[in-house]
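# Structure assessment
Chain by chain, the residues:
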Amino acid sequence: MTKKYSDLVDPDEGQISALIYADEDIYDQEMRSIFGTSWLFLAHESMIPKKGDYLTTTMGDDPVVVVRQSSGEFVAFMNQCRHRGMRLCRSDEGNAKAFTCSYHGWVYDLSGKLVQVPHEEDGYLGALNKEKLGAQRVPRVTNYKGFIFGTWSEEGPTFEEYLGDMAWYFDSFADRWQHNEVLGAPNRWIIDCNWKFPAEQFATDVYHAETSHISALIAQGGDWVNADTRGLQFSSPGGHGTGFYLDDAPDMTDYGPVASEYRAAIRQTEIERLGETRAVHVRGHNTIFPNFSFLVGTNTFRIWQPRGPHSIEVMTWTLGDADAPAEVKDAMRRNALRTFSAGGIFEAEDGENWSEIQGVLKGSRAGRSSFNFTMGRGAAGHHDDFPGRIGNIYSEEAGRSFYRRWLELMEKGD
Ligand code: FES
Ligand code: FE
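Residues numbered from 1 in each chain as written. Chains lettered and ligands numbered in written order. Predicted model: local features only at pLDDT ≥ 70, side-chain atom pairs only at ≥ 80, totals over all residues. Heavy atoms only, no water.

## Regarding the coordination of the iron ion (ligand 2)
Within the protein, the atoms that donate to the iron ion (ligand 2) are H208 (NE2), H213 (NE2), D350 (OD) and D350 (OD), at distances of 2.1 to 2.5 Å. Site description for the iron ion (ligand 2): donor spacing in sequence, H-x4-H-x136-D. H213 gets classed as buried once you look at its relative accessible area, which sits at 2%. (Donors = N, O, S within 2.8 Å, 3.2 Å for Na, K, Ca; no water. Buried < 20%, exposed > 50% of the residue type's maximum accessible area, 1.4 Å probe, protein only.)

Here it is in structure tokens:
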């Protein structure tokens, strides 16, 4: 890859080269410049509620362990033994008193400190400095309303500063109910596509819905044809984005009578928490840069984990109101599974688009073409009721901002 990044990505003109979705060198640089510096989603606090509860995940392509400490704090460290680099923890989740490497038995405590080494005296002759051989700690981890994010950057913006105006929109999801909990285990699956296709779509693209999802919307029973699809899109210098309809329609939820009744009953409380404008209207698609996305209507959130330039691992969860009756939680979980999960009707249509595009990029000419991101150029600005830069929902302003942020970080280097 000899071209400059600014030759490939021109957010102002709305031109994006197809090369950025398939090139190995660009992918490697993304892992350092973007995933090595941004705030990344690690876990929701309800996934690891007790002392010693842990889960394993990745930050970009680096494996990490996230652990609840006895103080209630969360710590994350590289899932890599400092002896020969074996994975320290080999299960997806659990509860531990310590982590023992399965290769030669080095033992790390819940904060990642190396505490015990077999044959420390007769092998290392007492000369091993265990203090210096703790697992590599993620230097900054924060808990934002139950959502735990971490960054490899020792300095830089706090998570709240990183969100900027996006916090107001994220709160329509994270702060809708007094207590949140994740409902059930994650759905995990692989899609053969570059991580930026889903991330940018959730930031900027409701445009695809009335074409890609028309059969699913009809199957859901919604009247898309007569729905009022006027709406707005928020875009951010941080690369985050969201779009939402100003009316409630079209609705992708089908909770059944009990859960629908419960949701209607708590509407007023939601309005008191968030204000009417936000509680009622801000219920759309969202991405927090780079790879955390959520849908307020169907209460799903997910990470698009990069697995090389041509592949992602998707992990999705359903967020529920912890105070709701079990029957309601179950209905919400089932609704998310039906719509946005490995087997969800909308999700399947989205994944099909992204993997088809990735397949087309294998062509030597097709892989060097340029994509058009010009929708709504020059039309976004101030809005009295919604913070940040606001344009029409049918716009690619948030896509251009996503790639403007991408370019800024890629040009900065490691
Ligand atoms: Fe972990 Fe040797 S690689 S103890
Ligand atoms: Fe979609």
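Having put the structure on the table, let's press on.
## Considerations on the side chain of D23
As for its position among the elements, D23 is in the loop between strand 2 (15–17) and helix 2 (24–33). It turns out D23 is buried and unbridged, and the closest side chain with the opposite charge, R368, is 6.6 Å from it. (Helix = DSSP H or I, 4+ residues; strand = E, 2+ residues; numbered from the N terminus. Lys, Arg positive; Asp, Glu negative; His and termini not counted. Salt bridge = Lys/Arg side-chain N within 4 Å of Asp/Glu carboxyl O.)

## Focus: the pairing of strand 3 (residues 40–44)
Summarising burial for strand 3: 5 of the 5 residues are buried, a large majority. One ladder, built from 4 bridges, connects strand 3 with strand 12 (residues 147–151); its direction is antiparallel. Counted as the bridge partner of L40 is G150 from strand 12. (Pairing = 2+ DSSP bridges.)

## Focus: the packing of aromatic side chains
Any aromatic ring pair is given by two values, namely how distant the centres are and how the planes are angled relative to each other. Summed over the entire model, instances satisfying the criterion amount to 42 aromatic pairs. Ring geometry for Y144 versus F170: centroids 5.6 Å apart, planes at 15 degrees, classification stacked. Note that Y144 is positioned in strand 11 (residues 140–144) and F170 in helix 4 (residues 166–174), a separation of 26 residues in sequence. Taking the relative accessible area as the measure of exposure, F170 reaches 0% and is therefore buried. With centroids separated by 5.4 Å and ring planes inclined at 80 degrees, the aromatic side chains of F373 and Y403 adopt a geometry described as edge-to-face. Of this pair, F373 sits in the loop between strand 21 (370–372) and strand 22 (389–392) while Y403 sits in helix 13 (residues 397–412), placing them 30 residues apart in sequence. For F373, a relative accessible area of 6% puts it in the buried group. Residue classification places Y403 among the buried positions, given a relative accessible area of 0%. (Phe/Tyr/Trp six-rings, centres within 6.5 Å; stacked < 30°, edge-to-face > 60°.)

## Remarks on unusual backbone geometry
Backbone torsion omega between F289 and P290 reads 5 degrees, so that peptide bond is classified as cis. Mapped onto the secondary structure, P290 falls in the loop between strand 17 (285–288) and strand 18 (292–295). Of note, the phi angle at L125 is positive, near 55 degrees, even though the residue is not glycine. Within the secondary structure layout, L125 lies in the loop between strand 10 (114–116) and strand 11. Residues other than glycine seldom take positive phi values, yet K145 does so here, at roughly 50 degrees. Within the element layout of this structure, K145 appears in the loop between strand 11 and strand 12.

## Looking at the packing of helix 2 against helix 13
For the pair helix 2 and helix 13, interaxial distance at closest approach is 9 Å and the crossing angle is 90 degrees. What the angle tells us is that helix 2 and helix 13 run roughly perpendicular. Every residue of helix 13 that contacts helix 2 at I26, Q29, E30 and S33 is listed here: W406, L409 and M410. Grouping the amino acids of the contact of helix 2 with helix 13 by side-chain chemistry returns 4 nonpolar, 2 polar and 1 charged. (Axes fitted to C-alpha atoms, helices over the stretch in contact; angles between N-to-C directions. Parallel < 35°, antiparallel > 145°, perpendicular 65-115°, else oblique. Contact = heavy atoms within 4.5 Å. Nonpolar A, V, L, I, M, F, W, Y, C, P; charged D, E, K, R; others polar.)

## A few points about the sheet that holds strand 9 (residues 107–108)
Note: strands within a sheet are paired through backbone hydrogen bonds, in either parallel or antiparallel orientation. Strand order across the open sheet formed by 3 strands is 8-9-10, with antiparallel pairing between neighbours. Lying at the two open borders of the sheet, with one neighbouring strand each, are strand 8 (99–100) and strand 10.

## Focus on helix 5 (residues 196–204)
Counting buried residues along helix 5, 9 of its 9 residues qualify, which places the element largely inside the surrounding structure. Listed as buried for helix 5 are K196, F197, P198, A199, E200, Q201, F202, A203 and T204.

## Concerning the side chain of S153
Inspection of the secondary structure assignment puts S153 in the loop between strand 12 and helix 3 (159–163). In this view, S153 contacts G36, T37, P139 and R140; residues no more than four positions away in its chain are not counted.

## Quick notes on the pattern of salt bridges
Using the criterion set out here, one finds 20 salt bridges in the structure. For E181, the salt bridge goes to K329, with nearest N and O atoms at 2.5 Å. With E181 in strand 13 (residues 180–182) and K329 in helix 11 (residues 326–339), this residue pair connects regions lying 148 residues apart in the sequence. A salt bridge links R405 to E408; its shortest N-O distance comes to 2.6 Å. Of this pair, R405 and E408 are both found in helix 13, 3 residues apart, which corresponds to roughly one turn of the helix. Three or more residues joined by partner-sharing salt bridges are found here, namely D92, R188, R307 and E313.

## Things to note about the environment of T318
Tracing the backbone through its elements, the reader meets T318 in strand 20 (residues 312–321). The exposure class of T318 is buried, given its relative accessible area of 6%. Along the primary structure T318 and T374 are separated by 56 residues, whereas in three dimensions their C-alpha atoms are 33 Å apart. Contact partners of T318, with chain neighbours within four places excluded, come to E181, V182, L183, N299, T300, M332, R333 and A336.

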